Amino acid sequence: MNLLITFEGPDGSGKSTITRVLKKALETCGYKTILFREPGGNDFANAVRDALLKHETDVMTQIYTFAAIRSSNKANILKHIEDTVIIADRYIDSSYVYQALYHMDMDLLEKVKEINKDVTVEPDLTFVIECSKENAQKRMSARTKDVFEKTLDYNKVVKAYGVLPFLFFKREYCFVNSDGTLENAVKEVNDYLGFLNISIPDDVIEQAVTEFEQEYIHNNNTAGEQGV
């Protein structure tokens, strides 16, 4: 198995939840998996993430910083990619969207492509998770917003993601709507994974969703008891 699957989408779309459930389901089926998120993915990248999401920076600083994080993840991807399904919660497309297409600046897009060309592994399949603005706001209402979430226009982000397949027509993009149940969203993802010869039985997905929801409830209850 030689796969890099990336998940993209606006904040609050549900992509992080979907990736975690997908990882559970794949492992139940016997696949070796790695899940990482950007910004982040290793100790260095996670430390940079903490600073990046707390402090406002100009767009060129963002481009170079995200590329540095991506470079630090590349060795780990290549190390495992021959026998592992690697799942990325955000990857290169986030830089295309947030540092270039959001600003409708094609010159910036070319800069992002040039700076990242030697630090990026080409994804085999990219899922763009979509949902209504109302649902995204509900999902984010209980968490502290980072500097990006405070300033970005949701509709402009959605529009920018919609442009990707037209600019990178050799890449494989699948758009999945998450306004329904988590189970349905993961099953739709699974339908597209069939093109990569991956098939997860429905009952495995249902069990993975149940386990995730139980863990979520447990973690929230524990945090409440600890006063977090």
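Since the structure is predicted, the reported quantities are computational estimates derived from the model, not experimental observations.

S.K.: Is there a simple way to explain the sheet that holds strand 3 (residues 84–89) in this structure?
M.R.: Through backbone hydrogen bonds, the strands of a sheet pair up, either in parallel or in antiparallel fashion. Taken together, the five strands give an open sheet; going across it, the order is 2-3-1-4-5, and neighbouring strands pair in parallel fashion. The sheet is open, and its two edges are formed by strand 2 (33–37) and strand 5 (173–177), each paired on a single side. Geometrically, the sheet is characterised by an average inter-axis angle of 20° between neighbouring strands, direction not taken into account. One ladder, built from six bridges, connects strand 1 (residues 2–8) with strand 3; its direction is parallel. Within the sheet, the bridge partner assigned to Thr6 lies in strand 3 and is Ala88. Of the strands in this sheet, strand 1, strand 2, strand 3 and strand 4 (125–130) are in contact with helix 1 (residues 15–28), which crosses strand 3 at around 170°.

S.K.: Help me understand the side chain of Gln99, please; the structure alone is not making it clear to me.
M.R.: Relative to the helices and strands, Gln99 is located in helix 4 (residues 92–99). On the basis of relative accessible area, Gln99 is assigned to the buried category, the value being 1%. For Gln99, the side chain forms a polar contact with the side chain of Gln62, separated by 2.9 Å.

S.K.: Please explain the packing of helix 4 against helix 8 (residues 154–167) as it appears in this structure.
M.R.: Two numbers describe a pair of packed helices, the interaxial angle and the distance between the axes. One way to put it is that helix 4 packs onto helix 8 with a least axis distance of 9 Å and a crossing angle of 125°. Taken as axis vectors, helix 4 and helix 8 run oblique relative to one another. Between helix 4 and helix 8 the crossing geometry is right-handed. When helix 4 is examined against helix 8, the residues Asp93, Ser94, Tyr96, Val97 and Tyr98 are found in contact with a partner set consisting of Val157, Ala160, Tyr161 and Leu164.

S.K.: Explain a nonpolar patch on the surface to me, please; I cannot follow it from the model alone.
M.R.: Residues Met106, Val163 and Leu167 make up a contiguous nonpolar surface patch of about 210 Å² in total accessible area. A relative accessible area of 31% means that Leu167 is categorised as partly exposed.

S.K.: I tried to follow the pairing of strand 4 on my own but got confused; where do I start?
M.R.: Remark: a regular strand shows side chains that alternate across the two faces of the sheet. Counting buried residues in strand 4 gives five out of six residues, a clear majority hidden from the surface. Taken together, the four bridges between strand 1 and strand 4 define a ladder with parallel strand orientation. Residue pairing across strands places Glu8 opposite Val128, the latter belonging to strand 4. Where strand 4 and strand 5 come together, five bridges link them in parallel fashion.

S.K.: Is there a simple way to think about the packing of helix 2 (residues 43–52) against helix 3 (residues 59–80) in this case?
M.R.: Following both chains from N to C, one finds helix 2 and helix 3 inclined at 160°, their axes separated by 9 Å at the closest point. Classed by the angle they form, the pair helix 2 and helix 3 counts as roughly antiparallel. As for the relative orientation of helix 2 and helix 3, their crossing is left-handed in sense. On the side of helix 2, the interface is formed by Phe44, Ala45, Val48 and Leu52, while helix 3 contributes Thr65, Phe66, Ala68, Ile69 and Ser72. Looking at side-chain class alone, the contact of helix 2 with helix 3 contains seven nonpolar, two polar and no charged residues.

S.K.: Teacher, can you tell me more about the pattern of salt bridges here?
M.R.: Opposite charge on two side chains allows them to pair when their charged atoms are near. What the rule picks out here adds up to twelve salt bridges. A network of salt bridges, in which partner residues are shared, links Glu8, Asp11 and Arg90.

S.K.: Quick question: what am I supposed to make of the confidence of the model for the protein here?
M.R.: Do not read the predicted coordinates in detail wherever pLDDT is low. Of all residues in the protein, 92% attain a pLDDT of 70 or more, and the chain-wide mean is 89. For the protein, the element scoring lowest by mean pLDDT is helix 7 (residues 147–151), at 69; strand 4 scores highest, at 98. Taken as a whole, residues 223–228 scores under 50 in pLDDT and shows one contact with residues more than four places along the chain or in a different chain.

S.K.: How do you make sense of the side chain of Asn73 when you look at a structure like this?
M.R.: You can see Asn73 is positioned in helix 3. A relative accessible area of 3% means that Asn73 is categorised as buried. Polar side-chain contacts of Asn73 include one of 3.4 Å to the side chain of Glu38. Dropping the residues within four chain positions of it, Asn73 is found in contact with Phe36, Glu38, Gly40, Gly41 and Asn42.

S.K.: In this structure, what is going on with the environment of Lys79? I would like to understand it.
M.R.: Within the secondary structure, Lys79 is located in helix 3. Classification of Lys79 by relative accessible area gives exposed; the value is 64%. Between the alpha carbons of Lys79 and Leu109 there is a distance of 29 Å; along the sequence they are 30 residues apart.

Rules used throughout
- Residues numbered from 1 in each chain as written.
- Predicted model: local features only at pLDDT ≥ 70, side-chain atom pairs only at ≥ 80, totals over all residues.
- Heavy atoms only, no water.
- Pairing = 2+ DSSP bridges.
- Helix = DSSP H or I, 4+ residues; strand = E, 2+ residues; numbered from the N terminus.
- Axes fitted to C-alpha atoms, helices over the stretch in contact; angles between N-to-C directions.
- Contact = heavy atoms within 4.5 Å.
- Buried < 20%, exposed > 50% of the residue type's maximum accessible area, 1.4 Å probe, protein only.
- Polar contact = N/O pair within 3.5 Å; in protein donor to acceptor, adjacent residues only side chain to side chain.
- Parallel < 35°, antiparallel > 145°, perpendicular 65-115°, else oblique.
- Left-handed = near helix turned anticlockwise from the far one by under 90°.
- Patch = residues over 30% accessible without salt bridge, like charges linked within 9 Å, V, L, I, M, F, W, Y side chains within 5 Å.
- Areas by Shrake-Rupley, 256 points an atom, 1.4 Å probe, with all protein chains shown as cover.
- Salt bridge = Lys/Arg side-chain N within 4 Å of Asp/Glu carboxyl O.
- Nonpolar A, V, L, I, M, F, W, Y, C, P; charged D, E, K, R; others polar.
- pLDDT = per-residue confidence, 0-100.

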